[in-house]
Each structure stands twice: as C-alpha cells, then as structure tokens.
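Each chain, letter by letter, is given below.
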Amino acid sequence: MKPTYGTIAVKSAMLVIAALLLFAPFLFQDIRALEVAARICIFIVLVASYDLLIGYTGIVSFAHTMFFGFGAYGSAIALKQMGPGWESVALGTLAGVALSLIVATAIGLISLRVKAIFFAMITLAAASVVLVLASQLSQITGGEDGITYRTPDLFKTATKLAVDEDGKVLRWFGVKLNGKLAAYYFVFVTSLVLFLVMLRITVSPLGTVLKAIRENEARAEAIGYRVVAYRTFVFCLSAVVASLAGSVYAVWLKYTGPDTALSFAIMIDILLMVVIGGMGTMWGAVIGASLMVMAQYYLRDLMGAASEATAALPLLPELLAPDRWLFWLGIIFILLVYFFPRGIAGTLMARGQRA
Amino acid sequence: MPSPSLSTRDLTIRFGGHVAVNAVTCDFHPGETTVIVGPNGAGKTTYFNLISGQMAASAGSVEKSGEDITRLSPSARAGRGIGRAFQLTNLFPQLSVLENIRLAVQARAGAGWSLLRPALSRHDLIESAEHFLAAAQLTDRAAMPAASLPHGDQRKLEVALLMAMEPDIYMFDEPTAGMSLDQAPAVLGLIAKIKSDPTKTVLLVEHKMDVVRALADRIIVLHNGELLADGAPGEVMQSQIVRDVYLGTATEETA
C-alpha cells in the first residue's frame, strides 16, 4: 500500500523526536532540559505499554501507575537497603517485575472475564490499596516523603567517563562526559529497547489477535482464540513493561515517592497522553508523551514570557499569567480532542487514508 | 452408516419459562449436508449457538466425534474443528479484509501466540489467507477495512472466515441472507465445494427453497424448539405436518 501524507507526517515526526532524544544532552545543555528528555523517554514507554491495553486490546485499567510504582519502589528500596550497586538495581527491578506479574495475573484471571466497567473498578481499587500501603508502610517506603538513595557510581555526576591529559573530565561539543550523561543514555537505550519490543509485538500475529479482541471479542473467541488468556497475557505484559520503566526512572531520579511513581495524577497524565497521541498506534504514545511532558515543563515559562510581552495591553497579561497554566493546558486539551478526535497520530494517519 | 461427527443428545436451553430448544437429539455425519428449516423463532440459531458454544445448554449434551464438548468454551470447540458463520455479519470492522481472514488462518495454524515475528513476514499465513480471499472473490478488496465493504461482500467475508478456519463441521446460518441474486451463487458455490468433500459435515440454516433443494442431503425441521421432522428432502417436504407448520406458505411462493 502506498504511504499516505498523514502517515509520512507521523513517521517524520517520529524521526525528529527520536533524533532530538538521542542527541538531547548535546542539543540542550542545561540540566532541566535533560530532566525533560529523560521523562519523555520513560513516559513514551509507559504510555505505549498502556496503549497495548486500552488502544490495542480495549481493556480499561486504572492500575498502570501501580505497576510503574512496583518497579520504581523495587529499585528504590533495594538501592536504599543494599547500597548503590548494580546488584541492587538488578534485584530491585526483578522484585518489581515479579510482584507486577503476580498481581497482574491475579487481577487478570479473577476479573478479565467480567464486564469492562467492573474490571476498571477492580484495577482502581487495587491501585488505591497500593497507594495507601505505600504511604502507611513508611519504614520501608518512606511514606509521603518517599526515599532518596544513591545509584551505581557510574551515574554519579562526579564520575568521569573519559579524562583529558590534565585529568579533567573530557568534553565533546562542550558536553562533559560524566555520570549524568551515562545515566541519560541508560534511560534512553532501555526505553528505546522496550519501545521497539512493543512495536514488534503490535505487528506480530499476536498483535492482530489483540486488535481482533478489541473489535469483536465474541468472534475472536468463535474462530478459536481464548480471549481470557490473551487478555491476561497482554495485561501482564504491559504491567511488566511499566514496572521496568519505573525501575529505570527510579535510577534516573535517585528519589522515589508517591508523586513520582504512584499517584493518580500520573495515571491521569498517562490517560491524557494516550488520548492526545492517539489510541491503538504506538506512534501516538510517542507524540502524546512528548507534547504533554513538554507542556508540563515549559507552558509556564512560555506563558510568563507571553505575559510580559503583552504587559502593555489590557486583560491579556492577566489571562496569560503563568499561574493559569493549567487552565490553558485544559483549553489546549479540549481543542486537541475536538480537532483530532482519534488523537494526533490516529487522526493524521486516518486523514491520509481517505485522500 | 459411519459414526457421527457431531451429535446432540436431548439438547435443551431455557430462558426463564421459555424453552427455546427442547430436547433435540440428532446425529450428523461426514459427507452429509443437513439443512435446518423452521419458522422464525423456531430455535434454529439458538440450536447453532448451543453447538458452537455461544450459549450454554440447560440440559443435554453436544458431542464432537464421540467427545463430550457440552461444557467447552467456543474457542475450545473451534479448536476441535467446529466452525461457525453467523447470520448477522460478525466481523472485525476496523481491520482489513486480509487481516480478518489471516486471523482465522493463524488461529487454525496455532500462530496466535507468535509475537516476535512481524505478521507480514509470515508468508505461510499470508499466502493461505490470500488463497481464501481469492476463493471468496474478495482479492481486490484485501486492503479495505471490513466495515467499508458493501453488504454482499461482508457476507462473503463472513463465509470466507469460516472457510479459512478449515473445520470438520461447517455451520452456516443463512449465508445468503440479504445478498443480491448475482452474488449468492458465489457463496453457494463455496458451500457446494465443501459439500463435495466426504470428510466434512455441513449444517445449514436456510429459508430459500431453491438453496435448500440444491444443497440438502437431509432436512430437519425445528418448530417451537422441538425436532419435528428429519429425513430426505423429498420426504420431509411432502409430509403433511411440515406443510402445516412451515412449508405451506414457502412452497406457494417458490412454486
């Protein structure tokens, strides 16, 4: 089939975002930009894994941050208790994955047979329980304050990856080759690998079965697919990927708390990202996560600048005051949903098909 | 007589006080095409649902080649060679025509759990799917979403999905319903081809008398959920009881 303009536009956007993320430390040489880039990498994986559920298979779950949190807290607790070694990272990650698998299998087998709305409620209940537990078991989880810890020495900002003849850290294009750079590429490469694995799965025969379940569950069952088994599998798969993303994010942040890994605010972010980007396409996750994280970090700055620029005019500076950034984010969200009802990637690709 | 490939024993389903299928006992044999007739509401589609597993029997049993499958899920029954096409078109609307067929092919091939190779590189699956597309004369529609097909082509795809499952038991529920006169022969030709295979068992719900005459080796009549008559087409169509409940009007129409 001939590629359409919409598809070309989406794929080009993918290349641009991938290139920006790949060269982020060199292109944007400030610490905040690197935070944003790392968060985008993590959220692309998180949103893509959620899209496997909601967009591909048609399963609505509110427990996705719970699995993200299992991974993050797994790494965090292991690093805190066992010290900043690679074995702590490995053990914590594995513990997070194992817990995610057990909980996802249990929820899946018990409740994926029931109607979608009940399943959504059960995941909501499970996520609430875990959130309460995390804040109550404060001797392990640090409660509301979370946990701060050190990560493997390779990722320390003081670590020199390469030195010049004076023993100072070597610079490439003005960028210090230090532990921060290593940490960013750790995040980037693991996110890329996880994303590519998911992409591969969506175009496999299994990926078509998932879409078939979304489209017509009864017929999928009638032609011979055990729908419950497939649903449970994809629920476990997305839980494991979310958990891995959480572990990586915990290593990057060197801090894990309810606000970074477990809160319902993150769940809502994921939902918004998947809707803005477009459900049922992995590209949507990339677009949604990139735009939303950028907006969260830079909309305030942008509005501050706009407010000052319009200071001479009546009313406008008031409306554009940085404190009103959530209001404007809401308006942007409504406009996006209005003009891109199937998400940005989904709508663009569908529009190309008709032309 | 060879041993039956499919049997129902006192198969019954009740919805509250209403008995939709009432103690139907019947054997079906390989190489035999059985047409199920009866007035609307006679329980024909419900009988199909009990056999292919969409509904659970209240009493009685279904056996496939001697194995009791009464408690099995639809997917497990499909895996044992019971294939079903639906009366109301029941496709994967947003997926392409080729993907629809490939789903049936890969279910049959046991490739549903294959997750690391792109589907497009599975030439075995694609070629097989294209073969069934061609048989249903849908090759030029391969890339279209199923939902965008005209009604007649959707019916063809519905039948092609069943073909691609390559079951032992083919169950057609009014396969030509709503099809134009020039399209129906394509579907009937497909059924005739299956019928010529002596290892396949065909069950067909059909109202159109010309179709019944052309395909039936045997006719069973359901009425108010009960098996009213069972026999060779000529015999059943002539019987007084059948004329009274059902064929009276139908024969007049087609005479």
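Keep in mind the model is a prediction, meaning the values are calculated, not measured. (Residues numbered from 1 in each chain as written. Chains lettered and ligands numbered in written order. Predicted model: local features only at pLDDT ≥ 70, side-chain atom pairs only at ≥ 80, totals over all residues.)

## Quick look at the overall build of chain B
- Scanning chain B from N- to C-terminus turns up nine helices and 10 strands.
- With respect to the principal axes defined by its C-alpha atoms, chain B has extents near 60 × 40 × 40 Å.
- Looking at chain B as a whole, 47% of its 255 residues are labelled buried.
- Summarising the internal contacts of chain B: among those between residues at least 6 apart in sequence, 66% fall at separations of at least 24. (Helix = DSSP H or I, 4+ residues; strand = E, 2+ residues; numbered from the N terminus. Buried ≥ 20, exposed ≤ 12 C-beta atoms within 10 Å, placed from the backbone. Contact = placed C-beta atoms within 7 Å.)

## Quick notes on the packing of helix H4 (residues 123-135) of chain B against helix H5 (residues 151-165) of chain B
All names here are of chain B.
- Between H4 and H5, the least distance of the axes is 9 Å, while the angle of their chain directions is 135°. In terms of orientation, H4 lies oblique with respect to H5. Our pair here, H4 against H5, has a crossing hand that is right-handed. Contacts between H4 and H5 involve Ala129, Phe132, Leu133 and Ala135 from the former and Ala160, Met163 and Ala164 from the latter.
- Among the residues making up the contact of H4 with H5, the classes are represented as seven nonpolar, no polar and no charged. (Axes fitted to C-alpha atoms, helices over the stretch in contact; angles between N-to-C directions. Parallel < 35°, antiparallel > 145°, perpendicular 65-115°, else oblique. Left-handed = near helix turned anticlockwise from the far one by under 90°. Nonpolar A, V, L, I, M, F, W, Y, C, P; charged D, E, K, R; others polar.)

## Comments concerning the sheet that holds strand S1 (residues 6-15) of chain B
All names here are of chain B.
- Reading across from one edge, S2-S1-S4-S5 is the order of the four strands in this open sheet, with antiparallel pairing throughout. Strands with a single pairing partner mark the edges of an open sheet, and in this sheet they are strand S2 (18-28) and strand S5 (67-68).
- Examined bridge by bridge, S1 and S2 share seven bridges and lie antiparallel to one another. Following the sheet pairing, phenylalanine 15 is matched in S2 by histidine 18.
- Along the sheet face, helix H1 (residues 44-52) touches S1, S2 and strand S4 (59-64) and points at about 65° away from the line of S2. (Pairing = 2+ DSSP bridges.)

## Regarding the nonpolar core
- In terms of nonpolar packing, the biggest core is built from 176 residues, with Ile44, Val47 and Ala245 of chain A together with Ile101 and Ala160 of chain B touching the most fellow members.
- It is helix H11 (residues 227-253) of chain A that provides the largest number of residues to this core, a total of 18 residues.
- Aside from chain neighbours lying at most four places away, what touches isoleucine 101 of chain B is Ala129, Phe132, Leu133, Ala160, Leu161 and Ala164 of chain B. (Core = buried A, V, L, I, M, F, W, Y, C linked by C-beta atoms within 7 Å.)

## Points about H4 of chain B
- Over its 13 residues, H4 of chain B extends 18 Å from the first C-alpha to the last, a length consistent with the 18 Å expected when each residue adds 1.5 Å.
- Among the residues making up H4 of chain B, those that are buried are Leu125, Ser128, Ala129, Phe132 and Leu133 of chain B. Projection of H4 of chain B onto a plane perpendicular to its axis shows the buried side chains occupying an angular sector of 145°, all on one side. Exposed positions of H4 of chain B whose direction lies more than 90 degrees from the buried face are His123, Asp124, Glu127 and Ala134 of chain B.
- On its buried face, H4 of chain B sits against helix H9 (205-215) of chain A together with helix H3 (97-109) and H5 of chain B. (Expected span 1.5 Å × (residues − 1). Arc of directions from axis to C-beta.)

## Focus: the interface of chain B and chain A
- Between chain B and chain A, the residue contacts involve 34 residues of the former and 20 residues of the latter.
- Among the elements of the structure, helix H2 (74-79), H3 and H5 of chain B are those that each provide at least two residues to the side of chain B that touches chain A.
- The leading source of residues in the side of chain B that touches chain A is H3 of chain B, at seven residues.

## Structural notes on the pairing of strand S7 (residues 169-173) of chain B
Residues and elements named next belong to chain B.
- The element S7 is extensively covered by neighbouring structure, given that five of its five residues are classed as buried.
- Both faces of S7 are covered, namely the face carrying Ile169, Met171 and Asp173 and the face carrying Tyr170 and Phe172.
- By the bridge criterion, three bridges tie strand S6 (residues 82-84) to S7 in an arrangement that is parallel. Bridging across to S7, glycine 83 finds its partner in tyrosine 170.
- Sheet topology places S7 next to strand S8 (residues 201-205); five bridges connect them, and they run parallel. Pairing of phenylalanine 172 across the sheet is with leucine 204, part of S8.
- In the classification by handedness, the crossover that spans S7, the intervening helix H6 (residues 184-195) and the parallel S8 is right-handed. (Right-handed = clockwise from strand over helix to strand, strands pointing away.)

## A closer look at the packing of H5 of chain B against H6 of chain B
All names here are of chain B.
- Look at H5 against H6: their axes get within 10 Å of each other, and the N-to-C directions meet at 10°. Taken together, the axes of H5 and H6 are roughly parallel relative to one another. Between H5 and H6 lies a crossing whose hand is left-handed. Counting all contacts with H5, which are made through Arg155, Lys156, Val159 and Met163, the residues of H6 involved are Ala186, Val187 and Leu190.
- Of the residues contributing to the contact of H5 with H6, the split by class is five nonpolar, no polar and two charged.

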